[in-house]
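# Notes for the structure review
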Amino acid sequence: MLHDKKVALVTGANRGIGYELVKLLALNDFKVVLASRDPIKGDDAAQKLKGAGLDVSFVMIDVDNQESIRQAAVTVDQKFGKLDVLINNAGVYLDENDKFLTTDLSVLEKTMSTNFFGAYCVIHSFIPLMEKQGYGRIINVSSDYGMMSQLSWQGAGAYKLSKLALNGLTRLAAAEVQGDIKINAVDPGWVSTDMGGPTAPRTPKQAAESILWLATIGPDGPNGGFFRDGKRSDW
């Protein structure tokens, strides 16, 4: 087992913010596991970064499939024996301006399955690797749409509810962890990705840079917080 570098894993990382997070972590001397539900696109993305001299490997994780998460945790444990940083980046945005009470139930179920239950299952499977060494940093990529104040406005109800639940998960999990394990949520802003659209003002790289600092906070760093642009924000 190799313990010379910290090990990080990023879900939903074959493109967009996740891909930029993998790149930035590797540039900051992490061994990075790029996780994606698409084995071809994920492996291609990892190989591209490896070709640039970065310490990146690939593992298949479909956050809607608990067995794929469990198998990935086994793989990471066997290969590295630990996990120092986990970034729950995988997510979907399916309902846009639909009215919440007329949203198709399948849309709500898929959104909650990916954005909330997926993150929960990933944490559940990987946190033992942090607990056995008494150290870890978990970052849940959330949204300002998950703030209580946003629920008074119509539109994207399934997405908002899923991010509200993710924020709740962040606080509940942070209250239970022991040792030097920190769990926080972060809003990357409106980002020009497949989800955010081409008119968004922020690039994936800028979004990744606004998240990275939570991966390297010290023992006195925040736990159970929600952050925007590096500043703690109300829920």
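Please read these numbers as outputs of a predicted model, since none were measured by experiment.

Helix and strand content of the protein chain: 6 helices and 8 strands. Written out in order from the N terminus, the α and β elements of the protein chain read β-α-β-α-β-α-β-α-β-α-β-α-β-β. Relative to a compact globule of 235 residues, whose C-alpha radius of gyration would be 18 Å, the protein chain shows 17 Å and is just as compact. Projected onto its principal axes, the C-alpha positions of the protein chain cover 50 × 35 × 35 Å. Residues classed as buried in the protein chain amount to 51% of the 235 residues present. Residue pairs in contact within the protein chain that sit at least 24 positions apart in sequence constitute 70% of those at least 6 positions apart. Surface accessibility of the protein chain: about 11200 Å² in total, with carbon and sulfur atoms responsible for 52%. The average position of the 25 basic charges and that of the 27 acidic charges among the side chains of the protein chain differ by 4 Å.

Across the 8 residues that make up strand E6 (residues 180-187), a large majority, 7, are buried. Sheet topology note: the strand E5 (residues 135-141)/E6 ladder contains 7 bridges and is parallel. Note that in E6 the partner of Val141 across the bridge is Val186. Between the parallel elements E5 and E6, the chain passes through helix H5 (residues 157-176) in a crossover that is right-handed. As paired strands, E6 and strand E7 (residues 226-228) are joined by 3 bridges and run parallel to one another.

Attention now moves to unusual backbone geometry. The phi dihedral of Asp29 falls on the positive side, at around 70°, and the residue is not glycine. Structurally, Asp29 is set in the loop between helix H1 (16-27) and strand E2 (31-36). What makes Asp29 partly exposed here is its relative accessible area of 48%. Located in the positive-phi region is Ala156, a residue other than glycine, with phi close to 55°.

With that out of the way, let us pick up the sheet that holds E7. Strands sit in the order E3-E2-E1-E4-E5-E6-E7-E8 across an open sheet of 8 strands; the sheet is mixed. Strand pairing shows two members of the sheet lacking a second neighbour, strand E3 (56-60) and strand E8 (231-232), which therefore form its edges. The strands touched by helix H2 (residues 39-51) within the sheet are E2 and E3, with E3 carrying the most contacts at an inclination of about 175°. Running at roughly 175° to strand E4 (residues 85-88), helix H4 (residues 105-131) makes contact with strand E1 (7-10), E4, E5 and E6 of the sheet.

Cut-offs applied
- Residues numbered from 1 in each chain as written.
- Predicted model: local features only at pLDDT ≥ 70, side-chain atom pairs only at ≥ 80, totals over all residues.
- Heavy atoms only, no water.
- Helix = DSSP H or I, 4+ residues; strand = E, 2+ residues; numbered from the N terminus.
- Rg over C-alpha atoms; globule rule 2.2 N^0.38 Å.
- Buried < 20%, exposed > 50% of the residue type's maximum accessible area, 1.4 Å probe, protein only.
- Contact = heavy atoms within 4.5 Å.
- Areas by Shrake-Rupley, 256 points an atom, 1.4 Å probe, with all protein chains shown as cover.
- Lys, Arg positive; Asp, Glu negative; His and termini not counted.
- Charge placed at Lys NZ, Arg CZ, Asp CG, Glu CD.
- Pairing = 2+ DSSP bridges.
- Right-handed = clockwise from strand over helix to strand, strands pointing away.
- Axes fitted to C-alpha atoms, helices over the stretch in contact; angles between N-to-C directions.

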